Amino acid sequence: MLNRQRADEIFKKVLKWSTADETEAMIGSTAYSLTRFANNTIHQNVAEEGSYLSVRAVVDHRTARATTNKFDEDSIRDACEKALTLARLQPPDPDLLPMPGPQTYRSVDRFDEETATLSPQARAETVRKAIARAEKDHLTAAGVFSSGASVTALFNSRGLRAYHEETVSEFSVTMLDPSSSGWAKKTAHDAREIEPEGLADRAARKALDSREPREVPPGKYTVILEPAAVLDMLGFLVIDFSGLAVHEKRSCLTDRVGAKLFGENVNIRDDVYHPMQGGTTFDGEGMPRQKVKLVEKGVVCRLVYSRQTAHKLNSKSTGHGFPLPNDIGEAPMNIVLDGGKSTTEEMIGSTERGLLVTRLWYIREVDPYQKILTGMTRDGTFWIEDGQVRYGVRNFRFNQSIIEMLAQVEMMTPPQRTAGEESFEMVVPGMKVREFNLSSLTKF
């Protein structure tokens, strides 16, 4: 793994060999280990380490990037020369700004030494307990337990120096019965916060409680979406808060900034400094990430901007740009959706007839401007009647506008760090939503 001193040494070599007008270097390394299990047996244990150096050269308002995974003198020189050669072949970019100078970053602590060095034996013992929980009720367990660390550094020839190190651990488990399944997942910077035995028990209970699922006709129902289901829907709305996307009229928020699109109880912000969030405190150019209130009481109030987009639109950078060159611009990547004070049990208890949804999958966008999504429920879908979960039901395909969904939220749980399968981690609540459109049944 890289450290700050080694990253500095590499960048000094980049400056030695680069003859560009301006030079930027992204330097990083990762070390991750993974234990995978299926059919109640560990069948894979892998460890991977990798490093990279990505050099961006600027010459005559042209820019390009070259990357290598070797840090010897010849490889660094070759990357610098290739970046410069490629830059000279590009057309001039009239919107290209000078690289930013030194910045001040707010400190965050997201590194845990025990997680970075978690042994295969420790992961195997944790998986053994999950498998034992499956075997207790004649279920079949499958999943992943991973852990590791990453380092990201960004330097440029104008004096910018940014460095971030982080650990992360993930436990995901699916419990299978011949007629049903259950799922649970969690990620954390500290592996001790994962509580895998609790996750295994939750997945097992969902599989057991949804055995022999019954058929409920499609239609618009009150649904209680657990946090993972909320996350995977919300992930499709994130890019729409890009200032460039709105300017280019490819966002569903075009001509809607300042309008009340969602319910009064919906408040969304981008906040990398939230204690349950992760990631670097600087963006792809090294600008400090700012906390941005995106939605307040249902009103779309702000967008996020890279330096280039902000300059083009006479605004200010919010520190949400991606590495240049890119045609995406920017996006909020540390979403926090304020929740409520209800528990899942209270939301269920308040529901006369409806459905409890564990998670969603295979989500695709149908209409990018109305933000209509289609996908399916999975791994634990239950019928609620008279305030109680009665039985498992066959899964549904849905066709639902995320805009309409967020305008129909009746109750929410407190937000929590949440991981799904269709989007990145967020801090989101569970939700009770009325008139959620479940359009057809699936085959399982």
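Conventions we followed
- Residues numbered from 1 in each chain as written.
- Predicted model: local features only at pLDDT ≥ 70, side-chain atom pairs only at ≥ 80, totals over all residues.
- Heavy atoms only, no water.
- Buried < 20%, exposed > 50% of the residue type's maximum accessible area, 1.4 Å probe, protein only.
- Helix = DSSP H or I, 4+ residues; strand = E, 2+ residues; numbered from the N terminus.
- Pairing = 2+ DSSP bridges.
- Core = buried A, V, L, I, M, F, W, Y, C linked by side-chain atoms within 4.5 Å.
- Contact = heavy atoms within 4.5 Å.
- Phe/Tyr/Trp six-rings, centres within 6.5 Å; stacked < 30°, edge-to-face > 60°.
- Lys NZ or Arg CZ within 6 Å of the ring centre and 35° of its normal.
- Salt bridge = Lys/Arg side-chain N within 4 Å of Asp/Glu carboxyl O.

Peer 1: How should the pairing of strand β4 (residues 140-156) be read in this particular structure?
Peer 2: For a regular strand, the rule is simple: side chains alternate between the two faces of the sheet. Across the 17 residues of β4, 15 count as buried, placing the element largely inside the fold. In this structure, strand β1 (residues 22-38) lies alongside β4, joined through 14 bridges in antiparallel fashion. Looking across to β4, one finds that Ser29 is bridged to Val151. Here β4 pairs with strand β5 (residues 161-177) via 16 bridges, running antiparallel. If you follow Gly143 over to β5, its bridge partner there is Val173. Counting the residues that bridge the hairpin from β4 to β5 gives 4 residues, and of these Gly159 lies at a positive phi of roughly 100°.

Peer 1: Looking at this structure, I do not really get the nonpolar core. What am I missing?
Peer 2: Across soluble globular proteins, nonpolar side chains have a tendency to be buried as a group. Ranked by size, the top nonpolar core spans 52 residues in total, and within it Leu225, Leu234, Phe262, Met405, Leu406 and Met431 carry the most contacts. With 5 residues, helix α6 (residues 227-234) is the largest single contributor of residues to this core. When residues no more than four places from it in sequence are discounted, the contact partners of Leu225 are Val230, Val357, Met405, Gly430, Met431, Val433 and Phe436.

Peer 1: Mind showing me how you'd approach the environment of His138 here?
Peer 2: By the element assignment, His138 lies in the loop between α4 (120-136) and β4. Along the sequence, His138 and Arg106 sit 32 residues apart, while their C-alpha atoms lie 50 Å from each other.

Peer 1: Would you mind showing me how to read the packing of aromatic side chains here?
Peer 2: To describe a pair of aromatic rings, one takes the distance between the centres and the angle between the planes. For the coordinates displayed, the defined rule picks out 7 aromatic pairs. With a centroid separation of 5.6 Å and 80° between ring planes, the pair formed by Phe145 and Phe171 is classed as edge-to-face. Residue Phe145 is found in strand β4, and its partner Phe171 is found in strand β5; the two are separated by 26 residues along the sequence. By relative accessible area, Phe145 is classed as buried at 3%. If you follow Arg214 out to its NZ or CZ, it ends over the ring of Tyr391, 3.9 Å from the centre. The lysine or arginine in question, Arg359, covers the ring of Trp183, its NZ or CZ lying 4.8 Å from the ring centre.

Peer 1: Is there a simple way to explain the pattern of salt bridges in this structure?
Peer 2: Pairing is possible between side chains that carry opposite charge, provided their charged atoms lie close to one another. All told, the structure shown has 34 salt bridges when counted by the stated rule. Across the salt bridge formed by Glu226 and Lys206, the nearest N and O atoms sit 2.9 Å from each other. Residue Glu226 is located in the loop between β7 (219-225) and α6, and its partner Lys206 is located in helix α5 (residues 196-209); the two are separated by 20 residues in the primary sequence. You can call Lys206 buried: its relative accessible area is 8%. Salt-bridge contacts for Glu296 lead to Lys293; the nearest nitrogen and oxygen are separated by 3.6 Å. Counted as one network, the salt bridges with shared partners bring together Asp112, Glu114, Asp190 and Arg192.

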